[in-house]
Amino acid sequence: MITRLEETSPGSAVVMITGYPSIERATEAMKRGAMDYVAKPFTPDEIIKAVDEAIQRKEGEERKVIERFGALTKTGKISLPSIDEKMLQTLSAAIDERRQMEAKPSLEALSEPERLEEMTLAVLNKYARDTNNLIPILQAIHSYAGYLSYETIGLIARELKISEHEIFGTASFYAQFKFEKPGQHLIRCCTGTACFVGGGGVILEAVESKLDIVPGQTTKDGMFSLERVACLGCCALAPVVTIDGEVYGQMSPAKLSRAIDKIYRTESVKSD
Ligand code: FES
């Protein structure tokens, strides 16, 4: 009976009722997944109490699983499959082709919000505007823009006729999705065991204080984003920091400060 219920109504909270109570039967029922075991005769209050408690226990178990899953995704232990970058290039080329036929400026010539809107609509069409495809839709747009802006979330919500809250709830479940525009340069400070022992924590504090941001934030001028990571895979060089993917080993607060200043100087020369 319990096995059949699991097939037809998975996740149900089961309370077993029997007219022939015995320890063996109770043990067997619990082993098969029953939350409680009630022997006849019983009063209405008794069965209501048994059902209420079974539901509460079931919900508690489910909550724990969800929290565990959430913790895994937040720590990056569960990640989403990567998105096909070629698909984005194909969509971008198709948008340009259409705009050319309509005698409109190319995607590249548009402002960032306009460009993002065009690409978001193209991605939505690509995924048939199906809410079951919400995650790949968000992944594709995130991959294109580097983040999910509130405007983009609003546009997706309107087009898919779902709430922004629902989209934000889904996206915030995964550590990969960012909601703030990334800086031009990404600094990743390792505070894994080897790096921490070598002074990784001090380096992180130094960069936080120099740039006035904490991990997960971007400087007001949009120049740097900061991330803290658990290991960059080159512990022998500890303490390690990467800037735009380039590995800096045996890092010190002074070396990192110089590297940041150098980037600022280079960027200011470019903009002159
Ligand atoms: S702990 Fe920092 S690179 Fe491994």
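Check the entry above for the structure.
A brief structural summary. Given the structure is predicted, the values throughout are model-derived calculations rather than measurements. (Residues numbered from 1 in each chain as written. Predicted model: local features only at pLDDT ≥ 70, side-chain atom pairs only at ≥ 80, totals over all residues. Heavy atoms only, no water.)

### What to know about the overall build of the protein chain
Reasoning step 1: What the protein chain contains, in helices and strands, is 11 helices and six strands.
Reasoning step 2: Residues classed as buried in the protein chain amount to 35% of the 272 residues present.
Reasoning step 3: Across the protein chain, contacts joining residues at least 24 apart in sequence account for 58% of those joining residues at least 6 apart.
Reasoning step 4: Within the structure as shown, the protein chain displays about 16700 Å² of accessible surface, and the carbon and sulfur contribution to it stands at 55%. (Helix = DSSP H or I, 4+ residues; strand = E, 2+ residues; numbered from the N terminus. Buried < 20%, exposed > 50% of the residue type's maximum accessible area, 1.4 Å probe, protein only. Contact = heavy atoms within 4.5 Å. Areas by Shrake-Rupley, 256 points an atom, 1.4 Å probe, with all protein chains shown as cover.)

### Notes on the environment of Ser-12
Reasoning step 1: Looking at where Ser-12 falls in the secondary structure, it is placed in the loop between helix 1 (2–8) and strand 1 (15–18).
Reasoning step 2: Taking the C-alpha atoms as reference, Ser-12 lies 9.7 Å from Met-35; in sequence the two are 23 residues apart.

### Observations concerning helix 5 (residues 112–126)
Side chains that are three or four residues apart share a direction in an α-helix, a result of its 3.6 residues per turn.
Reasoning step 1: Over its 15 residues, helix 5 extends 21 Å from the first C-alpha to the last, a length consistent with the 21 Å expected when each residue adds 1.5 Å.
Reasoning step 2: Inspection of helix 5 places Arg-115, Leu-116, Glu-118, Met-119, Thr-120, Ala-122, Val-123 and Leu-124 among the buried residues, and these make up the whole buried set.
Reasoning step 3: The inward-facing, buried residues of helix 5 abut helix 4 (85–101), helix 6 (134–145) and helix 7 (150–160).
Reasoning step 4: In the stretch just after helix 5, Ala-128 is the one whose phi turns positive, near 55°. (Expected span 1.5 Å × (residues − 1).)

### Thoughts on unusual backbone geometry
Reasoning step 1: Geometrically, the link from Lys-40 to Pro-41 is a cis peptide bond, its omega value of -5° lying close to zero.
Reasoning step 2: With respect to the secondary-structure elements, Pro-41 resides in the loop between strand 2 (36–39) and helix 3 (44–74).
Reasoning step 3: Each neighbour pair has its own omega, and for Ala-238 with Pro-239 the value is -5°, a cis peptide bond.
Reasoning step 4: Tracing the backbone shows Pro-239 in the loop between strand 4 (224–229) and strand 5 (241–243).
Reasoning step 5: Located in the positive-phi region is Ala-128, a residue other than glycine, with phi close to 55°.

### Here we look at the packing of helix 7 against helix 8 (residues 164–171)
Reasoning step 1: The interhelical angle for the contact between helix 7 and helix 8, taken along N-to-C directions, is 120°, at an axis separation of 8 Å. By the angle between their directions, the pair helix 7 and helix 8 is classed as oblique. Regarding helix 7 and helix 8, the two cross each other, and that crossing is right-handed. Packed against helix 7, whose contacting residues are Tyr-150, Ile-153, Gly-154, Ile-156 and Ala-157, the element helix 8 presents Glu-164, Ile-167 and Phe-168 at the interface.
Reasoning step 2: By residue class, the composition of the contact of helix 7 with helix 8 is six nonpolar, one polar and one charged. (Axes fitted to C-alpha atoms, helices over the stretch in contact; angles between N-to-C directions. Parallel < 35°, antiparallel > 145°, perpendicular 65-115°, else oblique. Left-handed = near helix turned anticlockwise from the far one by under 90°. Nonpolar A, V, L, I, M, F, W, Y, C, P; charged D, E, K, R; others polar.)

### Quick look at the pairing of strand 4
Reasoning step 1: With respect to burial, strand 4 is a largely interior element, five of its six residues being buried.
Reasoning step 2: Where strand 3 (residues 185–190) lies against strand 4, six bridges are found, and the strand directions are parallel. Bridged to Cys-190 within strand 4 is Val-229. (Pairing = 2+ DSSP bridges.)

### Some points on the packing of aromatic side chains
Reasoning step 1: Using the criterion set out here, one finds four aromatic pairs in the structure.
Reasoning step 2: Pairing Phe-168 with Phe-179 gives two aromatic rings, centres 4.7 Å apart and planes at 50°, and the pair type is tilted. One end of the pair, Phe-168, is in helix 8; the other, Phe-179, is in the loop between helix 8 and strand 3, with 11 residues separating them in the sequence.
Reasoning step 3: With a relative accessible area of 34%, Phe-168 lands in the partly exposed category.
Reasoning step 4: An angle of 80° between the planes, with centres 5.8 Å apart, marks the rings of Phe-173 and Tyr-174 as edge-to-face.
Reasoning step 5: On the basis of relative accessibility, which here comes to 12%, the residue Tyr-174 falls in the buried class. (Phe/Tyr/Trp six-rings, centres within 6.5 Å; stacked < 30°, edge-to-face > 60°.)

### Focus: helix 7
Reasoning step 1: Every buried residue of helix 7 is accounted for by Thr-152, Ile-153, Gly-154, Leu-155, Ile-156, Ala-157 and Leu-160.
Reasoning step 2: At its buried positions, helix 7 is contacted by helix 5, helix 6 and helix 8.
Reasoning step 3: Of the residues trailing helix 7, Lys-161 is marked for its positive phi of about 55°.

### Some words on the side chain of Thr-152
Reasoning step 1: The topology assignment puts Thr-152 in helix 7.
Reasoning step 2: By relative accessible area, which is 5% here, Thr-152 ends up buried.
Reasoning step 3: Discounting chain neighbours no more than four positions away, the residues touching Thr-152 are Leu-116, Thr-120 and Ile-141.

### Looking at the state of the cysteines
Reasoning step 1: Using the criterion set out here, one finds zero disulfides in the structure.
Reasoning step 2: With no disulfide of its own, Cys-234 lies 6.9 Å from the sulfur of Cys-235, the closest cysteine sulfur. (Disulfide = S-S within 2.5 Å.)

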